[in-house]
Amino acid sequence: QVQLVESGGGLVQAGGSLRLSCVASGNIFRIAMMGWYRRAPGKQRELVARITPGGTPTYVDFVKGRFIISRDNAKNTVSLQMNSLKPEDTAVYSCNLMVLTTDLNYWGQGTQVTVSS
């Protein structure tokens, strides 16, 4: 069983920055695809960014140039640096661990990010 614990959420003004972190338990982190997702009020959960075991990132269009995903396999940690935040970035951000070609798929509890205008 893998546990994911997020931290770093909070309240920030538009244009500000926050850094989210997610620490995974267990020993499969280094072979897992790690992702950050978000769910805004009244909306479905959506992908924000993901990073391969080797460190190759992918971003959705609405965060390109503003967010940076990174991972530290030695510390079982994936981070999301969020810059130039907008009120529409307000959501609960959750960490996901997935091992491709298996049914291993875990979610963290989420951390609230609120961006005021």
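One structure accompanies this document, and this report is about it. Since the structure is predicted, the reported quantities are computational estimates derived from the model, not experimental observations.

## As for the pairing of strand 5 (residues 46-51)
Bridge analysis of strand 4 (residues 33-39) against strand 5 gives 5 bridges, and the strand direction is antiparallel. In the sheet register, Met34 faces strand 5, and the bridge partner there is Ile51. The turn joining strand 4 and strand 5, which pair antiparallel and follow one another in sequence, is formed by 6 residues; a positive phi near 80° is taken by Gly42. With 3 bridges connecting them, strand 5 and strand 6 (residues 57-59) associate as antiparallel partners. Paired with Ile51 across the two strands is Pro57, which belongs to strand 6. Connecting strand 5 to the antiparallel partner strand 6 that follows it, the hairpin turn spans 5 residues, and Gly55 within it adopts a positive phi of roughly 100°.

## Thoughts on the pattern of salt bridges
Taken as a whole, this structure holds 4 salt bridges when the rule is applied. With a closest N to O distance of 2.9 Å, Arg38 and Glu46 form a salt bridge. Using a relative accessible area of 30% as the deciding quantity, one classes Glu46 as partly exposed. A salt bridge links Asp89 to Arg38; the nearest nitrogen and oxygen atoms lie 2.9 Å apart. Placement of the pair is Asp89 in the loop between strand 8 (77-82) and strand 9 (91-98) and Arg38 in strand 4, with a sequence separation of 51 residues. You'll find Asp89 and Arg38 in the same group, each marked buried. One connected set of salt bridges, linked through shared partners, spans Arg38, Glu46, Arg66 and Asp89.

Cut-off values and rules
Residues numbered from 1 in each chain as written. Predicted model: local features only at pLDDT ≥ 70, side-chain atom pairs only at ≥ 80, totals over all residues. Heavy atoms only, no water. Pairing = 2+ DSSP bridges. Helix = DSSP H or I, 4+ residues; strand = E, 2+ residues; numbered from the N terminus. Salt bridge = Lys/Arg side-chain N within 4 Å of Asp/Glu carboxyl O. Buried < 20%, exposed > 50% of the residue type's maximum accessible area, 1.4 Å probe, protein only.

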